[in-house]
Amino acid sequence: MHKKHSNLLLKTAAIFGLIGAGIGGHMAGSYDYAFRAAHAHILVVGWLSLFSWAVYYRVFKPVSVKLATAHVYTAIIGTIGLTSGMILDIFNVPQPFYFIVYIGGGVTLLASFFLFALLAFMKHEE
């Protein structure tokens, strides 16, 4: 199961990497930096964190499959929510809507980091 988690995180990280690089290219070409915060979060959380976790699941086999599965899905859902909420704000979507997406994603992502911390301190099968 840990390789399935790794593959899912790796593919999701690749998508976020493409989106982040595309936004960066757009900002560089247009000299419009409205997306800079979303761009940074997409690359750091969406690409770097998800990729790091993909490597973790490739190297280690956590003893709790349920905890690992919860971590993977909260990481992906939280990253999508947080970054989507930031982008919806840029496009002037009404605050109640983007705020729910943004805060909901952020809280979910925070939960994923907590779950990862638990996994990191648990015993691993080699």
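Quick caveat: nothing in here was measured; it's all calculated off a predicted structure.

Draft legend 1. Quick peek at the overall build of the protein. Each helix and strand counted, the protein has 4 helices and 2 strands in total. N-terminal to C-terminal, the α/β element order of the protein is α-α-β-α-α-β. When its C-alpha atoms are laid out on the principal axes, the protein stretches across 50 × 30 × 20 Å. The contacts of the protein with a sequence gap of at least 6 include a subset with a gap of at least 24, amounting to 76%. Of the roughly 7,300 Å² of accessible surface on the protein, 73% is carried by carbon and sulfur atoms.

Draft legend 2. Seen up close, the packing of helix H2 (residues 36-59) against helix H4 (residues 95-121). Interhelical geometry of H2 versus H4 gives an angle of 25° and a closest axis separation of 13 Å. Our classification of the angle between H2 and H4 gives roughly parallel. In this structure, H2 crosses over H4, and the sense of that crossing is left-handed. Within the contact between the two elements, H2 uses Val 45, Ser 49, Trp 53, Tyr 56 and Tyr 57 and H4 uses Leu 109, Ser 112, Phe 113, Phe 116, Leu 119 and Ala 120. When its residues are assigned to classes, the contact of H2 with H4 shows 9 nonpolar, 2 polar and no charged.

Draft legend 3. The packing of aromatic side chains, seen in detail. On inspection of all chains with the given rule, the structure shows 8 aromatic pairs. Taking 5.6 Å as the distance between ring centres and 45° as the angle between the ring planes, the aromatic pair formed by Trp 53 and Phe 116 counts as tilted. Of the two residues, Trp 53 is situated in helix H2 and Phe 116 in helix H4; the sequence distance between them amounts to 63 residues. Judged by centre distance (5.4 Å) and plane angle (40°), the rings of Tyr 56 and Phe 60 are tilted.

Draft legend 4. Just the UniProt feature "transmembrane region" (unreviewed entry) in the protein, in detail. The positions that UniProt labels "transmembrane region" (unreviewed entry) are, in the present scheme, residues 38-60, 72-91 and 97-121. Taken end to end, residues 97-121 comprises 100% helix and 0% strand; its first and last C-alpha atoms sit 37 Å apart.

Draft legend 5. A look at helix H1 (residues 2-30). In this model H1 runs 42 Å from its N-terminal to its C-terminal C-alpha over 29 residues, within 8% of the 42 Å that 1.5 Å per residue would give. Looking at the packing, one finds that the buried side of H1 touches H2, strand S1 (61-62) and helix H3 (65-90). Downstream of H1 by one or two residues, Tyr 31 has phi in the positive range, about 55°.

Draft legend 6. Focus on the side chain of Thr 12. Mapped onto the elements of the fold, Thr 12 is located in helix H1. On the accessibility criterion, Thr 12 (12% relative accessible area) is buried. Among residues more than four places away in sequence, those in contact with Thr 12 are Gly 46, Leu 50 and Ile 76.

Cut-offs and rules
- Counting from 1, residues in each chain are numbered in the order their sequence is written.
- In keeping with the model being predicted, local features are shown solely for residues with a pLDDT of at least 70 and side-chain atom pairs are shown and tallied solely at 80 or more, while totals for entire chains, interfaces and linings include all residues.
- Side-chain figures throughout are based on the complete set of non-hydrogen atoms in the structure, without hydrogens or water.
- Numbering goes from the N terminus for both helices and strands, where a helix is a DSSP run of H or I of at least four residues and a strand is a run of E of at least two.
- Any two residues whose heavy atoms approach within 4.5 Å are treated as being in contact.
- Residue-level accessible areas treat just the shown protein chains as cover; the underlying method is Shrake-Rupley with a 1.4 Å probe.
- Think of each axis as a best-fit line through the C-alpha atoms, taken over the contacting stretch in the case of a helix, with angles from 0 to 180 degrees between the N-to-C directions.
- Working definition: roughly parallel below 35 degrees, roughly antiparallel above 145 degrees, roughly perpendicular at 65 to 115 degrees, and oblique for all remaining angles.
- In this scheme, a crossing is called left-handed if the near helix is turned counterclockwise away from the far one by less than a right angle; it is called right-handed if the turn is clockwise.
- Residue classes follow a fixed rule: Ala, Val, Leu, Ile, Met, Phe, Trp, Tyr, Cys and Pro count as nonpolar, while Asp, Glu, Lys and Arg count as charged, and any other residue, Gly among them, counts as polar.
- Two aromatic rings from Phe, Tyr or Trp, using only the six-membered ring of Trp, form a pair when their centres are within 6.5 Å; if the ring planes differ by under 30 degrees the pair is stacked, by over 60 it is edge-to-face, and anything between is tilted.
- UniProt positions are given in the numbering used here, feature names are shortened, and annotations may be inferred rather than shown by experiment.
- The span one expects for a helix is its residue count, reduced by one, times 1.5 Å.
- For the exposure calls, accessible area comes from a 1.4 Å probe over protein chains only, and a residue counts as buried if that area is under 20% of its type's maximum, exposed if over 50%, partly exposed in between.

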